[in-house]
Each structure stands twice: as structure tokens, then as C-alpha cells.
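These are the residues of each chain, in order.
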Amino acid sequence: MKMRRKNTYIMTALFLIMSLLLAACSGDKDKSSDEKGTKEVKEEKKQFLNLVTGGTGGTYYPLGGSFAEIISSNTKAETTAQSSGASAENMEAIKSGDADLAFTQTDIASYATEGKLMFSKPITNVKAIASLYPETIQIVTTAKSGIKSIADLKGKSVSVGAPGSGTYANAEQILEVHGLTMKDIKAQNLSFDESTGGIQDGTIDAAFITAGTPTGAVESLAATSEVVILPIAEDKIKALIEKYPYYAEEVVPANTYKIKQDVNTVAVQAMLVVRADLDEQLVYDITKAIYEHLDKVTHAKGKLIKVENALNGVGIDVHPGAQKYFDEKGVKAK
């Protein structure tokens, strides 16, 4: 009888030990499942965004690369920068859903939301994140061309950017205040790189380039040729601003592209826009990431991007996520 009780105790103890071991294994399994589930949820939350920029010879492209890296490193959105035809094309990419973020000019953003000029219908699914820095209208030629003024462009072969681009609109408006039209020049629809390449090899005489200075394509031209930036006279600047208020006076400083004196011209603002339906928290995170990691922007224009100027000249509605960040910082349009 004692032996039987002893065996019973042993069996009961073994049963308890086995039960504990099974429970522990089950717990580990459940924990593993939980961790796997959490990981899957996190992966599901990861969002992929496409940022469209501009041509490789302009400012948008390298700046976009820096922005994409900042966003990817500091938010849940993996972001890639893609070259494009710039402002107007980028607004169409936002409209179609092919892009989530885009660089554009403030004037082009206004045309797009109003359905004017190159836009037959208003684009309604776009909001601003912020204006960034001046986009300088640079009318580029070389000393050997003999061209010294905008009036001298008459009859010459001049690159004016792609039809429907921001550069094209700027060229058309600047020619207009000088009493000229596209019919008075031999208009060529070239990219920035193609424009400066054409000036260098003599196939065109001059080019309108709207981009932050220094512009890579013009710097390349300055390495081999004596670059001339054509000035816009003060009265013409005033007439332009009076008719098109999104322009502002601007100067291309001496020593840019090795030029010897400051050159008076005009500028619009570069801005960053976003699809209107992007999550408010995500856009807040993107805005915060950019403005709090500007030290990671390698292009010279990064030094001109300041949070206190973010709402200046925006011209279209600001996304609520971006507005939340600016409200926290006490930023208002000046």
C-alpha cells in the first residue's frame, strides 16, 4: 500500500511538472506570436511615398534627395526622390496620384488650384507644406554671344523650358513686359542641362532658367565659358510685380558663376506640396522632420530654408498636419 501511494505521488509530481513545462512552452509560443503580430502591424503601418523633384541639372533634384532621406530616417514613411519635368508636371502627378509630395513654384501652385494658364481644370487634391526659398529667374547667356539685354533676345534662339512648365510661364511674362512674345524669339523647349549644353556648343544663344542659385547646370557652363546673366530693369520689375504679384525682386550676387557684379532680376518661391488626403499625423511628422534636420541638407539652398518663412507667399491652403507644426512654433505668414 505504501509503495502504491509513493508511486501515486511520483506520478502526480511528474504530471504537474509536465503541465508547467507545457504552459511555459505555450507562453513562449504565444509571446512569439504576439511579437510576430506586432512586427506585422508595424510593417503594415510602413508607408511608401514618392517625392517628385525636377531635372537633374536643377535645384529640386539634389534638394529632394536630402528631403527624402530625412523623411525616411525620421518618420514611418519610406520616401524616394524622383526626377521630373518640375513644377507643372509635378502638380499633375499629385492630381493623378503618381506622386505624394512634390516641389513646385508658388505661381504654378496657384495656377493649378485655380485652373488657369497651363491647367484646364483646377487641381483640388493638393495642399501646401511650406514655401522654401526664392526661385530665381536667371536669363543665361555668354559673353561671346554679344547679348547684353532682354531686348537683344529678339530673333535669337532661346530656351524657354518645356511648354506648360513654370520656366515657360516666367519667360512668357518677362518677355511680355518687354514688349515681346514667344513669336519674337526662336523658342526652344529644353531642360536646364540641355539649355546650358546648347549655349556651350552654340546651338542656342540664351536660356531662361528658373531655379535656386547656384544652379548646377549653369555652374557647369561657367566652368568652360564666361557666363552672363541678363538684368531686368527696375521699371520692368515693377511692371511685372504689379501684374503678377507672386514675383519678388531678387539679385544674383557677384561671384555667382564668376560674374563680376550683382544682377537685378526677379524670383518666385519654391515650395513643397503634398496630396491633400495624406494622414494629418504623417504630414506633421514630415514637416517636423524637415525643419528639425535642415543640417542634413547638403545643397546651398538649405541655408535659406527657415521655419519662420515657411508660410510666406504660399498662395494655397496649407495641409492641417503642416499647419499644426507651424502653430506649435508660432509661425505666421508675413
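Values in this document were obtained by computation on a predicted structure and should not be read as measured data.

Asks: Go over the pattern of salt bridges, please, and point to the residues and values.
Replies: If you walk through the whole model with that rule in mind, you get 6 salt bridges. Of the charged contacts, one joins Arg275 and Asp100 as a salt bridge, the two residues approaching to 2.2 Å between their closest N and O atoms. With a gap of 175 residues between them, Arg275 in strand β10 (residues 263-275) and Asp100 in the loop between α3 (87-96) and β3 (101-105) connect regions that are remote in the sequence. Considered together, Arg275 and Asp100 belong to a single accessibility category, that of buried residues. Close ionic contact of Glu114 with Lys116 constitutes a salt bridge, the shortest N to O distance being 3.1 Å. Through salt bridges with shared partners, a single network forms among Asp100, Arg275 and Asp277.

Asks: I'd love a proper account of the nonpolar core, names of residues and values included.
Replies: Phe67, Met91, Ile129, Tyr291 and Phe326 are the most contacted members of the largest nonpolar core, which totals 55 residues. For this core, the element with the highest residue contribution is helix α9 (residues 280-291), accounting for 7 residues. If we ignore the near neighbours within four places in the chain, the residues touching Phe326 are Ile129, Ala130, Thr287, Tyr291, Val307, Ala310, Leu311 and Val331. In this structure, Val160, Ala206, Leu230 and Ile237 belong to the second largest nonpolar core, which totals 24 residues.

Asks: Describe in detail the confidence of the model for the chain, supporting the description with residues and values.
Replies: Of the residues in the chain, 86% reach a pLDDT of 70 or more, and the chain-wide mean stands at 88. Taken as a whole, residues 1-6 scores under 50 in pLDDT and shows 0 contacts with residues more than four places along the chain or in a different chain. Contacts of residues 29-44 to residues separated by more than four positions or lying in other chains number 0 contacts, the stretch itself having pLDDT below 50.

Asks: Give me the side chain of Ser131: which residues, what numbers.
Replies: Mapped onto the secondary structure, Ser131 falls in strand β4 (residues 126-142). A residue is classified by how much of its surface remains accessible, and Ser131, at 2% relative accessible area, is buried. A distance of 3.2 Å separates the side chain of Ser131 from the backbone oxygen of Asn309, its partner in a polar contact. At a separation of 2.8 Å, a polar atom in the side chain of Ser131 contacts the main-chain carbonyl oxygen of Asn312. Ignoring any residue separated from it by four or fewer positions in sequence, one finds Ser131 in contact with Gln269, Ala270, Met271, Tyr291, Asn309, Ala310, Leu311, Asn312 and Val314.

Asks: Can you lay out the packing of aromatic side chains for me, pointing to particular residues and giving the numbers?
Replies: Across all of its chains, the model carries 10 aromatic pairs by this definition. Pairing Tyr244 with Tyr247 gives two aromatic rings, centres 6.4 Å apart and planes at 80°, and the pair type is edge-to-face. The pair Tyr244 / Tyr247 is uniform in exposure class, with both members buried. Relative to Phe326, the ring of Tyr325 has its centre 5.9 Å away and its plane inclined at 65°; by these criteria the two rings are edge-to-face. Here the aromatic residues Tyr111, Tyr244, Tyr246 and Tyr247 are joined through ring pairs into a cluster of three or more. Sitting over the face of the ring of Tyr284, Lys324 holds its NZ or CZ atom 4.9 Å from the ring centroid.

Parameters at a glance
- Residues numbered from 1 in each chain as written.
- Predicted model: local features only at pLDDT ≥ 70, side-chain atom pairs only at ≥ 80, totals over all residues.
- Heavy atoms only, no water.
- Salt bridge = Lys/Arg side-chain N within 4 Å of Asp/Glu carboxyl O.
- Helix = DSSP H or I, 4+ residues; strand = E, 2+ residues; numbered from the N terminus.
- Buried < 20%, exposed > 50% of the residue type's maximum accessible area, 1.4 Å probe, protein only.
- Core = buried A, V, L, I, M, F, W, Y, C linked by side-chain atoms within 4.5 Å.
- Contact = heavy atoms within 4.5 Å.
- pLDDT = per-residue confidence, 0-100.
- Polar contact = N/O pair within 3.5 Å; in protein donor to acceptor, adjacent residues only side chain to side chain.
- Phe/Tyr/Trp six-rings, centres within 6.5 Å; stacked < 30°, edge-to-face > 60°.
- Lys NZ or Arg CZ within 6 Å of the ring centre and 35° of its normal.

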